[in-house]
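# Summary of the model geometry
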Amino acid sequence: MNPMDMMQLAGRLSTFNEQHPKFGLFVKSVAASGLKEGTIIEVKVKEPDGQEYISNIRMTKEDAETVEMLKGLKAQ
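Residues numbered from 1 in each chain as written. Predicted model: local features only at pLDDT ≥ 70, side-chain atom pairs only at ≥ 80, totals over all residues. Heavy atoms only, no water.

Here strand 1 (residues 40-46) pairs with strand 2 (residues 52-58) via 7 bridges, running antiparallel. Note that in strand 2 the partner of Ile40 across the bridge is Arg58. Hairpin geometry of strand 1 and strand 2 is characterised by an intervening segment of 5 residues between the two adjacent antiparallel strands and by a positive phi of about 100 degrees at Gly50. (Pairing = 2+ DSSP bridges. Helix = DSSP H or I, 4+ residues; strand = E, 2+ residues; numbered from the N terminus.)

Below, the discussion takes up the packing of aromatic side chains. Scanning all chains against the criterion turns up 2 aromatic pairs. Between Phe16 and Phe23 the ring centres are 5.9 Å apart and the planes differ by 85 degrees, which places this aromatic pair in the edge-to-face class. Using a relative accessible area of 46% as the deciding quantity, one classes Phe23 as partly exposed. The structure contains a cluster of three or more aromatic residues connected by ring pairs, namely Phe16, Phe23 and Phe26. (Phe/Tyr/Trp six-rings, centres within 6.5 Å; stacked < 30°, edge-to-face > 60°. Buried < 20%, exposed > 50% of the residue type's maximum accessible area, 1.4 Å probe, protein only.)

Here we come to the confidence of the model for the protein chain. Within the protein chain, residue pLDDT values average 90, and 96% of them lie at 70 or more. Looking across the protein chain, the model is least confident in helix 3 (residues 61-75), with a mean pLDDT of 83, and most confident in strand 2, with 97. (pLDDT = per-residue confidence, 0-100.)

Time to look at the environment of Leu13. As for its position among the elements, Leu13 is in helix 1 (residues 3-19). A residue is classified by how much of its surface remains accessible, and Leu13, at 46% relative accessible area, is partly exposed. Separated by 60 residues in the primary sequence, Leu13 and Leu73 place their C-alpha atoms 16 Å from one another.

Right, let's get into the pattern of salt bridges. For the structure on display, the rule yields 3 salt bridges. Of the charged contacts in the structure, one is a salt bridge between Glu52 and Lys44, with a shortest N-O distance of 3.6 Å. Judged by its relative accessible area of 33%, Glu52 is partly exposed. Each of the salt bridges in this network shares a partner with another, and the network as a whole consists of Lys44, Lys46 and Glu52. (Salt bridge = Lys/Arg side-chain N within 4 Å of Asp/Glu carboxyl O.)

Time to look at helix 2 (residues 21-33). Think of an α-helix as turning once every 3.6 residues; residues three or four places apart then point the same way. The terminal C-alpha atoms of helix 2, which comprises 13 residues, lie 19 Å apart, in line with the 18 Å expected from a rise of 1.5 Å per residue. Within two residues after helix 2, Gly34 carries a phi angle of roughly 85 degrees, on the positive side. (Expected span 1.5 Å × (residues − 1).)

This paragraph deals with helix 1. The end-to-end C-alpha distance of helix 1 is 24 Å, a good match for the 24 Å that 17 residues give at a rise of 1.5 Å each. If you check the start of helix 1, you find a side-chain oxygen 2.9 Å away from the backbone N of Met4, and it comes from Asn2. (Polar contact = N/O pair within 3.5 Å; in protein donor to acceptor, adjacent residues only side chain to side chain.)

Structure below.
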């Protein structure tokens, strides 16, 4: 990713966090407890017209390792 794209993304993430402060706190809370193997993550999207999409995954050992790797990137 080039530096200009990274700067634009950082700005967008800042705006997102300002507009949705509870979401960031939710993610931090979940991350603090750790996403362990067997954890189920469910996502639900509801469009303005009422259409809903729901999906879930059960975390595998590899998924948990990937999350830990991503957390390590953020610390750098």
